[in-house]
Amino acid sequence: MGRILVLGAGECGLPLAHRLLRGGRSVTLVADRDAEAVLAGTVTSTQVKFPPTLDLEADLGLGFWRSTAPNIEGIRFTMAVDRAVVVTWTGRFTRPAQSVDQRTVFARWLGEFLTEGGDLRITELSVPELDQHAAEHDLTVVTRAGRELAGCFEADAAWPVHAAPMRRLAVLYLDGVEPDPEGLGSYTALPEHGEVISYPGLTGRPGQERRCEMLLFEARPGGALDGFEQHGTPARRWAHARELLNAHLPAEIAERYRHAEPTDAGATLVGAVTPVMRRPVGILPSGKPVLGGGDVVCRMDPGGAQGANNAVHCAIRYGEAILHDPDGPYDRAWMEWAAAPWLTAVAHPAARWTATVLDPPPAMREMMLAAQHDTTLADAFANTFARPANLARLAATAPS
């Protein structure tokens, strides 16, 4: 059977390595940090996992938090102007979503991989070094890539090219937030400014997890929400976040955060994501093809809550393709074949959904307004978070 190298120990690389290991394959996983370094670092993103993703993790034996993570029962949508509510509605998921700090998740999954006999290498590989390692393996799957390595993957010409991020981002994990009385996540749209998104989750060292609130500012570049310090401390970032909440959110929403504080010294993150869709096969300097996965191929703004789900689905589909063909040949044609189902059914619909939510066309804006008078429509819209491919059909049937 062919030798497999997986680069990147995140939402795509770790489930893929576990799937191959449990399928009887020898797999080498290359990570840039061990579990302790992950736990000691900063938060990596926000993440909401929806039932199809949670089911995949449970089937793989990785759903360790299914019974302990707080359920996210749906979305409380609010549009506000000058702190006044303009539109509000509640959409409930068919089954609840959940969120667990990726530091907690990755540390636990890394530990399990080692316990089960996996080959873990902690190192930072340059592109020439990866090229050398790829030559020693029959298949290399790249699930994490810096700028130089990402450049080995051609942009997909069928997708628009974004010269800059759609939003500037600030993430804060908080203790002391008043829970939503119905277990809902909140999505507050502030026209011309951006969005403020919040939901419950778990954080902490594996075995010592506790409830927290995960708060995401999606700021239009140059707008009123765009002003977080790139190198600020959690305390300074939270002080600025509190000012923004009090200045822009309706009082009843801002009040929930009155007694909040960051969960730990690594509880904040500031940055931006430029969306990009790449071809799934990358070519290393030697000419060796490698298979790209997760956000190496499909990178989306986190405001649509699709990135982690997309990555896990990619991992499972790639794992099944590899186990289907244990001896390859893992050439470019095979890689294109392996990636096509994931791209068509999951990644491309999720990318379209995310772009549509952040910049809704008139028809979608009308649908979101109509949802305040139609609970069936509100629930159906909420459930497109779990199944983005359903958005086009929903928009076509929504009342005008």
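- Going by the annotation in an unreviewed UniProt entry, the name recorded for the protein is Styrene monooxygenase/indole monooxygenase family protein, with Nocardia implantans given as the source organism.

Considerations on the nonpolar core
Part 1 of the argument: Within the largest apolar cluster, 53 residues are counted, with the highest numbers of intra-cluster contacts made by Leu29, Leu139, Trp334 and Trp342.
Part 2 of the argument: Looking at this core, the element that brings in the most residues is helix α10 (residues 332-358), giving 10 residues.
Part 3 of the argument: Apart from residues no more than four positions distant in its own chain, Trp334 is found in contact with Leu139, Leu291, Ala321, Ile322, Asp325 and Pro329.
Part 4 of the argument: Residues Val48, Ala97, Tyr199 and Phe381 belong to the second largest nonpolar core, which totals 37 residues.

Observations regarding the pairing of strand β3 (residues 72-81)
Part 1 of the argument: Looking at chain direction, β3 and strand β4 (residues 84-97) are connected through nine bridges and run antiparallel. Opposite Ala80, over in β4, you have Val85 as the bridge partner.
Part 2 of the argument: The hairpin turn running from β3 into β4, its antiparallel successor, is two residues long, and Asp82 in that turn takes a positive phi close to 50°.
Part 3 of the argument: Note that β3 and strand β9 (residues 185-190) share five bridges and pair parallel. Bridge pairing in β9 places Ile75 opposite Gly185.

Focus on the UniProt feature "domain: Styrene monooxygenase StyA putative substrate binding" (unreviewed entry) in the protein
Part 1 of the argument: When the UniProt feature table is mapped to this numbering, "domain: Styrene monooxygenase StyA putative substrate binding" (unreviewed entry) covers residues 148-253.
Part 2 of the argument: End C-alpha to end C-alpha, residues 148-253 measures 43 Å, and it is 20% helix and 35% strand.

Some remarks on the packing of aromatic side chains
Part 1 of the argument: Tallying each qualifying case throughout the model produces 12 aromatic pairs.
Part 2 of the argument: With 5.7 Å between their ring centres and 85° between their planes, Phe50 and Phe93 make a pair best called edge-to-face. Here Phe50, found in the loop between α2 (35-40) and α3 (51-59), pairs with Phe93, found in strand β4; they are 43 residues apart in sequence, far enough to count as distant. Of the two residues examined, Phe50 and Phe93, each falls in the buried class.
Part 3 of the argument: Look at Tyr318 and Trp342: their rings are 5.8 Å apart centre to centre, the planes differ by 80°, and that puts the pair in the edge-to-face class. Here Trp342 lies in helix α10 and Tyr318 lies in helix α9 (residues 307-324), a separation of 24 residues in the sequence.
Part 4 of the argument: Judged by relative accessible area, Trp342 falls into the buried class, the value being 0%.
Part 5 of the argument: A connected cluster of aromatic rings, assembled from ring pairs, spans Phe50, Phe77, Trp89, Phe93, Tyr187, Trp353, Phe381 and Phe385.
Part 6 of the argument: Sitting over the face of the ring of Phe64, Arg108 holds its NZ or CZ atom 3.7 Å from the ring centroid.

With respect to unusual backbone geometry
Part 1 of the argument: Looking along the chain, the bond that leaves Gly328 and enters Pro329 is cis, with omega of 5°.
Part 2 of the argument: Looking at where Pro329 falls in the secondary structure, it is placed in the loop between α9 and α10.
Part 3 of the argument: Even without being glycine, Asp82 reaches a positive phi, approximately 50°.
Part 4 of the argument: The topology assignment puts Asp82 in the loop between β3 and β4.
Part 5 of the argument: The class for Asp82 is exposed, based on a relative accessible area of 74%.
Part 6 of the argument: In the Ramachandran plot, Glu192 falls in the positive-phi region, its phi being about 75° despite a non-glycine side chain.
Part 7 of the argument: Checked against the element boundaries, Glu192 lands in the loop between β9 and β10 (194-203).

A look at the pairing of strand β2 (residues 27-31)
It is a general feature of regular strands that their side chains alternate between the two faces of the sheet.
Part 1 of the argument: In terms of residue burial, β2 counts as a mostly covered element, since five of its five residues are buried.
Part 2 of the argument: Here β2 shows no split at all, with Val27, Leu29 and Ala31 on one side and Thr28 and Val30 on the other all buried.
Part 3 of the argument: Considered for its hand, the β-α-β crossover made up of strand β1 (residues 4-7), helix α1 (residues 13-22) and β2 is right-handed.
Part 4 of the argument: When β2 meets strand β5 (residues 119-122), the two strands line up parallel, connected through four bridges. Along β5, the bridge assignment pairs Val30 with Arg121.

Digging into helix α11 (residues 362-370)
Part 1 of the argument: Three or more residues of α11 are buried, namely Met364, Met367, Met368 and Ala370. With its buried residues spanning 160° around the axis, α11 presents them on a single face.

A look at the pattern of salt bridges
Part 1 of the argument: One pass over the structure, following the stated rule, counts 25 salt bridges.
Part 2 of the argument: Notably, a salt bridge pairs Asp138 with Arg3, separated by 3.7 Å at the nearest N-O pair. Of this pair, Asp138 sits in the loop between α5 (127-135) and β6 (139-142) while Arg3 sits in the segment before β1, and the two are 135 residues apart along the sequence.
Part 3 of the argument: Residue class for Arg3 comes out partly exposed when judged on its relative accessible area of 47%.
Part 4 of the argument: The partner of Arg92 in a salt bridge is Glu182, and the shortest N-O contact between them spans 2.2 Å. Here Arg92, found in strand β4, pairs with Glu182, found in the loop between β8 (168-175) and β9; they are 90 residues apart in sequence, far enough to count as distant.

The rules we used
- Residues numbered from 1 in each chain as written.
- Predicted model: local features only at pLDDT ≥ 70, side-chain atom pairs only at ≥ 80, totals over all residues.
- Heavy atoms only, no water.
- Core = buried A, V, L, I, M, F, W, Y, C linked by side-chain atoms within 4.5 Å.
- Buried < 20%, exposed > 50% of the residue type's maximum accessible area, 1.4 Å probe, protein only.
- Helix = DSSP H or I, 4+ residues; strand = E, 2+ residues; numbered from the N terminus.
- Contact = heavy atoms within 4.5 Å.
- Pairing = 2+ DSSP bridges.
- UniProt positions renumbered as here; feature names shortened; annotations may be inferred.
- Phe/Tyr/Trp six-rings, centres within 6.5 Å; stacked < 30°, edge-to-face > 60°.
- Lys NZ or Arg CZ within 6 Å of the ring centre and 35° of its normal.
- Right-handed = clockwise from strand over helix to strand, strands pointing away.
- Arc of directions from axis to C-beta.
- Salt bridge = Lys/Arg side-chain N within 4 Å of Asp/Glu carboxyl O.

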